[in-house]
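# Coordinates in review
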Amino acid sequence: MKVFENKADLIFEINSLKQQSKAIGFVPTMGALHKGHISLITISKNNNDITIASIFVNPTQFNDKKDYQRYPRILSDDIKMLEKAGCDIVFTPTEEEMYPEADNRQFDFGNLDKVMEGKFRPGHFRGVALIVSKLFDIVTPDKAYFGEKDFQQVTVLKHLVTIMRYPIEIISCPIIREHDGLAMSSRNMLLTKEEREHVSLISKTLFEAREIAKKLNVEETKNWVIQQINSDSLLKVEYFEIVNDINLESIHDWSQNENKVGCIAVHVGNIRLIDNVRFY
Ligand code: AMP
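Residues numbered from 1 in each chain as written. Predicted model: local features only at pLDDT ≥ 70, side-chain atom pairs only at ≥ 80, totals over all residues. Heavy atoms only, no water.

## Description of the domain arrangement of the protein chain
By a frequent convention, interface size equals the accessible area lost on bringing the separate parts together. According to the domain assignment, the protein chain consists of domain 1 (2-173) and domain 2 (186-275). Of note, the centres of domain 1 and domain 2, computed from C-alpha atoms alone, are 26 Å apart. Listed per partner, the contact involves 22 residues of domain 1 and 20 residues of domain 2. Carbon and sulfur atoms make up 62% of the area that domain 1 and domain 2 hide from each other, which totals about 1,800 Å². For domain 1, the biggest contributors to the area lost against domain 2 are R70, M116 and F151; these three give 32% of the whole. At the boundary of domain 1 with domain 2, the tally comes to 2 salt bridges. Across the domain 1-domain 2 interface, the total number found is 8 residue pairs in polar contact (both at pLDDT 80 or more). (Domains from an automatic or database assignment. Contact = heavy atoms within 4.5 Å. Buried area = accessible area lost by both parts, 1.4 Å probe. Salt bridge = Lys/Arg side-chain N within 4 Å of Asp/Glu carboxyl O. Polar contact = N/O pair within 3.5 Å; in protein donor to acceptor, adjacent residues only side chain to side chain.)

## Some words on empty space enclosed by the protein
Under the counting rule described, the total for this entry stands at 1 cavity of 30 Å³ or more. Within this model, the largest cavity holds a volume of roughly 60 Å³. Lining the largest cavity we find K149, L182, A183, S185, N188, I202, S203, L273, I274 and D275. Residue assignment for the lining of the largest cavity shows that the elements contributing at least two residues are α10 (200-212) and β9 (271-279). Of all the elements, β9 adds the most residues to the lining of the largest cavity, at 3 residues. (1 Å grid on protein atoms, 1.4 Å probe; cavity = no way out; pocket = protein on both sides within 12 Å on 5 of 7 lines; lining within 4 Å. Points joined across faces, edges and corners; volume = space filled by probe spheres on them. Helix = DSSP H or I, 4+ residues; strand = E, 2+ residues; numbered from the N terminus.)

## So, unusual backbone geometry
The phi dihedral of A32 falls on the positive side, at around 50°, and the residue is not glycine. If you trace the backbone, A32 turns up in the loop between β2 (24-29) and α2 (35-47). Located in the positive-phi region is R165, a residue other than glycine, with phi close to 55°. By the element assignment, R165 lies in the loop between α8 (151-164) and β6 (169-173).

## Considering the sheet that holds strand β5 (residues 143-147)
Sheet strands associate in pairs through backbone hydrogen bonding, adopting either a parallel or an antiparallel arrangement. The sheet built from 6 strands is open, its strands ordered β1-β4-β3-β2-β5-β6 with parallel pairing. Both edges of this open sheet fall to β1 (2-4) and β6, since each of them pairs with a single strand only. For this sheet, the mean angle separating the axes of adjacent strands, direction not counted, is 25°. The sheet contact formed by β5 and β6 spans 5 bridges and is parallel. If you follow G147 over to β6, its bridge partner there is C173. Contacting β2, β3 (50-55), β5 and β6, α2 runs over the sheet at an angle of about 150° to β5. Contacts between helix α4 (residues 75-85) and the sheet are confined to β1, β3 and β4 (89-91), with β3 contributing the most and set at about 170° to the helix. (Pairing = 2+ DSSP bridges. Axes fitted to C-alpha atoms, helices over the stretch in contact; angles between N-to-C directions.)

## Notes on the environment of I89
With respect to the secondary-structure elements, I89 resides in strand β4. Looking at I89, the relative accessible area reads 3%, which means it is buried. Each residue touching I89, except ones within four places of it in the same chain, is listed here: M1, K2, F4, L10, E13, L17, I50, T51, I52 and A53. (Buried < 20%, exposed > 50% of the residue type's maximum accessible area, 1.4 Å probe, protein only.)

## Examining α10
Counted at 1.5 Å a residue, the expected span for α10 with its 13 residues is 18 Å, and the 18 Å between its end C-alpha atoms agrees. Taken together, the buried positions of α10 are occupied by S200, L201, I202, S203, T205, L206, A209 and I212. Residues of α10 that are buried in the fold lie against α9 (193-198), α11 (218-230), β7 (235-244), β8 (260-268) and β9. (Expected span 1.5 Å × (residues − 1).)

## A closer look at the sheet that holds β8
Taken in spatial order, the 3 strands line up as β7-β8-β9 in an open sheet, and their pairing is antiparallel. At either margin of the open sheet sits one strand with a lone partner, and together these are β7 and β9. Each strand axis lies, on average, 15° off the axis of its neighbour in the sheet, ignoring direction. As paired elements, β7 and β8 share 9 bridges and run antiparallel to each other. Within the sheet, the bridge partner assigned to N244 lies in β8 and is K260. Seen against the sheet, α10 touches β7, β8 and β9 and runs at an angle of roughly 20° to β9.

Next up, the structure:
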């Protein structure tokens, strides 16, 4: 596996791969890798000649400075994990390399960045769009792989590709969970042992909600989920919304003929976790 810190060197390598007509799959990450990230690498490897991962904790997508500072950084472990997974190239730029000067671009995502994560993390998706577009300009992949764990992010990035006219296919990949159902996340490693035990209630409640939804209407189901989770003294729901999976508009009635996804953000101590589940 080749490791590049410098974008000029990476571009040189990619130009040579393109001359050999290699199909390139790209997996952008912020590191502190786990099996969820590795699943994206595996899917990319199965569908491309070359898989490139990036590891960069992107400051512009953190609306909370403390969250940025405490974000786990374990680069040498990450590199070993990527090597083991058969990743071909990893790009590990510095902040200076990605933001040599301030990037003042704005994007119009319509409703997509106004709700849920966008509402509670102002500027978050602009930061995501800034870094992903910079990475796309450097890597110029054929396909880019993102986890459904960050459901709204995938929706926003599909829109980004459309408005920026990138010839890149965004592939959305399933959520990988721990044995107790907790969605894998780099932030999980920041939980105390006690918090870790409590947070399994999040996915457990989401899965149960799919059954409850057969008896309750949408509003009642939403309230049930919020009450279940808030009944745990360590957990506090920030939002739980059931939305159309394309335009992220709220679903009001189960009979609406749209794909429905329930998205949640929960605070546990000073950590914030997100998860989602599909409703049928
Ligand atoms: P991050 O490092 O958190 O920015 O995540 C990098 C990529 O991995 C994003 O596309 C995430 O959606 C994806 N990802 C993170 N956790 C999971 C998971 N548990 N299952 C599948 N994909 C994930």
